[in-house]
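Listed below, chain by chain, are the residues.
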2 protein chains.
Amino acid sequence: MNKDFYCVIMAGGIGARFWPMSRSHSPKQFIDILDDGTSLIQKTFARFTEICPKENIYIITNQMYAEQVKQQLPDLTDEQIVLEPARRNTAPCIAYANYKIKAKNPNAVVVVAPSDHVILKEDVFKEVILNGLNFVKDNRKLLTIGIRPSCPNTGYGYIQYDEDRSYGGSSIYDVKIFTEKPELEVAKQFVESGEFLWNAGIFMWSLSEIESAFEEFLPEVNDLFKQGEGLYNTSAESSFVKATYLVCKNISIDYGIMEHAKNVCVYAADFGWSDLGTWGALYDISEKDDDKNVVMGNKVKTYNSNGCIINVPKNKAVVLQGMEDYIVVDNDNVLLICKKDNEQQIRQYVNDVQIDFGDKYI
Amino acid sequence: MNKDFYCVIMAGGIGARFWPMSRSHSPKQFIDILDDGTSLIQKTFARFTEICPKENIYIITNQMYAEQVKQQLPDLTDEQIVLEPARRNTAPCIAYANYKIKAKNPNAVVVVAPSDHVILKEDVFKEVILNGLNFVKDNRKLLTIGIRPSCPNTGYGYIQYDEDRSYGGSSIYDVKIFTEKPELEVAKQFVESGEFLWNAGIFMWSLSEIESAFEEFLPEVNDLFKQGEGLYNTSAESSFVKATYLVCKNISIDYGIMEHAKNVCVYAADFGWSDLGTWGALYDISEKDDDKNVVMGNKVKTYNSNGCIINVPKNKAVVLQGMEDYIVVDNDNVLLICKKDNEQQIRQYVNDVQIDFGDKYI
């Protein structure tokens, strides 16, 4: 195992579209959402222990989740749990982690990945990430993972790659363009063209290369975190970071760097990936019954119902009749019933519920 | 207040069609179903205290509900709580109550009524019942209450009356025929004809007259309970009744007597009656919001939903989207979601749930 290989797992999200199972005090990444005994962050951590030394894996999350991370990942030292004092999207998060790792090992080669995605083909994933890390170790590139699209999903960003410019016969290509989430018609064209991949939000680079990119495209963010050199991994880190986050802008790594940098490559891969961003995504990867319902619950009876995803307490008897393509989630003090094709509105419902009924429901 | 006027309130039903709010251990009549602070049986009892002396009101129910009756109606003596050791439908229930009252007052004139109906116009109800009791005191008739139908409801029995044979210019008529619950087409014809009334299941008669009818039409039932004369209201009553119910047939008063007796009259009345037999009946009498939803719950948000009846815990946040004409009931360890027009199937769901998941859900 290469001792220069590092992993940063981003775990600060709130998973609002998975409400009410995902709650602000216990978001999606900490939940056993696949009902197989481990949370998504536990699965993600285990996956990366196959790729880099365990002590090189960092979790970066909001400070309110510090205890949950420690509890779910007891192998981590406190230093490996990087706590953000505020939410500033992925670019500041990555800059912070970079400088913290740089203080330990300036030669680090890093994979950055979300904590709450699903990977069905673990072996392929391991191979892709190791190939990718070796690629960015030897090449001055920023590498991202692109997933071959199976449908015109409008919930993902897309990456257009240059088929004629691959590296050594591998599945790594130069990137033509990054695009934000498209309209449906555009997404259809993307998929039909065969030139576009889904942006999986998994990145690989050497510390030196990503630092150069920050200097060029996000100098104001880079300067802030660079000022902390000498403080990272010391008792002064916490107060420095608190002050830094107060003034740091909120921006994603895609929008801030990946869409602008000229040395971006994409690794076209297929390892059974899902960002599991919505109930519909969970529905898609889950086993269905004869009526195409996905039932998470032990005492559920459905009559003349199909295409539903049902997530209810194991000891609750649930009878559903005449329901087609609904999300039904009964979780503690919240019940949500809405159409699957309306799942993008769940964020709005969470807002409305918070305003009308207060924080204890979100 | 006439000291010969008695009331028998039948409270042995299990309200299966109101599951899961109505449960076998706490059926509909014991629930504050209208959410106004008193249960249906408390409302029914209060209504009859305006009509006959409080000590003349009897509750007849299954012995498993004895404690609930005592708790909800603390004014009753134990003698006024008549406990059935088994469910045998209304005819044995009425025969038992009759002989028990006869032992106290053979001149009693009795009104028999269900415990779980809704009466919106209490003053009209009082007037109708008092008129009816006076009528059967003076006439050798069996009197029932008929409600002018507002729609071709197939959940009720119908009574055809003889418009040309009324009594003293009153709204009391001779009955032509009793019919069981009709098919929809038949019900439509009934309503259009103007000659049919809904059978409200409220009966009035003198003890002597109903005993004659039992002798003629249900002699086997009458003989069983007649054998207990001398035992009612003594310490021997309980074991006698237990043995009697073991061998007594299961039959309704409508099918056993009212459909056959020649001296049956009907009082055509309108006092805002509902048998509140189903969620749809509760929907019909309840206040609707702008989207025609009936919402029982304090933290319910509906989006693009209408015609629903929603009954959920007060402290539960509920979001409903894209739901039309559904029943949504979240009660303790059960969640029911079904189409309003499918409510007659709820009995079946209760059976299925009991078989698959056990008694604690029903």
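Anything mentioned here points back to the structure above.
Please read all numbers here as calculations on a predicted model, not as lab measurements.

Describing the packing of helix 6 (residues 207-217) of chain B against helix 7 (residues 219-226) of chain B
Residue and element names in this part refer to chain B.
Then, number 1: Between helix 6 and helix 7, the shortest axis-to-axis distance is 6 Å and the interhelical angle comes to 120°. Relative to helix 7, the element helix 6 lies oblique. Along its contact with helix 6, which presents Glu211, Phe214, Glu215, Glu216 and Phe217, the element helix 7 presents Pro219, Val221, Asn222 and Lys226.
Then, number 2: Here the residues of the contact of helix 6 with helix 7 sort into four nonpolar, one polar and four charged.

Notes on the side chain of lysine 340 of chain B
Then, number 1: Assignment of secondary structure puts lysine 340 of chain B in the loop between strand 17 (334-339) and helix 11 (346-357).
Then, number 2: Judged by relative accessible area, lysine 340 of chain B falls into the buried class, the value being 16%.

Describing the pattern of salt bridges
Residue and element names in this part refer to chain B.
Then, number 1: Under the defined criterion, the tally for this structure stands at 50 salt bridges over all chains.
Then, number 2: Across the salt bridge formed by arginine 47 and glutamate 122, the nearest N and O atoms sit 3.4 Å from each other. Remark: glutamate 122 occurs in helix 4 (residues 122-138) and arginine 47 occurs in helix 1 (residues 40-48); sequence separation between them is 75 residues.
Then, number 3: Residue arginine 47 is classed as buried on the basis of its relative accessible area, which comes to 6%.

Section: the interface of chain B and chain A
It is common to report an interface's size as the accessible area lost on association of the parts.
Then, number 1: The partner chain A presents 33 residues to the 33 residues of chain B that form the contact.
Then, number 2: When chain B packs against chain A, the two sides together hide about 2800 Å² of surface, and 61% of this comes from carbon and sulfur.
Then, number 3: By the criterion of area lost to chain A, the three top residues of chain B are Val319, Gln321 and Leu335 of chain B, representing 23% of everything that side buries.
Then, number 4: A salt bridge links lysine 316 of chain A to aspartate 330 of chain B; its shortest N-O distance comes to 2.7 Å.
Then, number 5: On inspection of chain B and its partner chain A, the count reaches 26 residue pairs in polar contact (both at pLDDT 80 or more).
Then, number 6: Among the elements that take part in the side of chain B that touches chain A, strand 17 of chain B stands out by supplying six residues, more than any other.
Then, number 7: Considering only residue class, the side of chain B that touches chain A consists of 19 nonpolar, six polar and eight charged.

With respect to the packing of aromatic side chains
Then, number 1: Under the definition given, this model contains 43 aromatic pairs over all chains.
Then, number 2: Here phenylalanine 357 of chain B and tyrosine 361 of chain B contribute two aromatic rings whose centre-to-centre distance is 6.4 Å and whose plane-to-plane angle is 75°, an arrangement assigned as edge-to-face.
Then, number 3: Overall, the relative accessible area of 18% leaves phenylalanine 357 of chain B in the buried class.
Then, number 4: Following the ring pairs from residue to residue traces out a cluster consisting of Tyr96, Tyr99, Phe225, Tyr232, Phe240 and Tyr245 of chain A.
Then, number 5: The ring of phenylalanine 125 of chain B carries the charged tip of arginine 47 of chain B above its face, separated from the ring centre by 5.6 Å.
Then, number 6: A cation over an aromatic ring shows up here: lysine 340 of chain B above the ring of tyrosine 283 of chain B, its NZ or CZ 3.8 Å from the ring centre.

The rules behind each value
- Residues numbered from 1 in each chain as written.
- Chains lettered and ligands numbered in written order.
- Predicted model: local features only at pLDDT ≥ 70, side-chain atom pairs only at ≥ 80, totals over all residues.
- Heavy atoms only, no water.
- Axes fitted to C-alpha atoms, helices over the stretch in contact; angles between N-to-C directions.
- Helix = DSSP H or I, 4+ residues; strand = E, 2+ residues; numbered from the N terminus.
- Parallel < 35°, antiparallel > 145°, perpendicular 65-115°, else oblique.
- Contact = heavy atoms within 4.5 Å.
- Nonpolar A, V, L, I, M, F, W, Y, C, P; charged D, E, K, R; others polar.
- Buried < 20%, exposed > 50% of the residue type's maximum accessible area, 1.4 Å probe, protein only.
- Salt bridge = Lys/Arg side-chain N within 4 Å of Asp/Glu carboxyl O.
- Buried area = accessible area lost by both parts, 1.4 Å probe.
- Polar contact = N/O pair within 3.5 Å; in protein donor to acceptor, adjacent residues only side chain to side chain.
- Phe/Tyr/Trp six-rings, centres within 6.5 Å; stacked < 30°, edge-to-face > 60°.
- Lys NZ or Arg CZ within 6 Å of the ring centre and 35° of its normal.

Read these as spatial facts, not as claims about activity.
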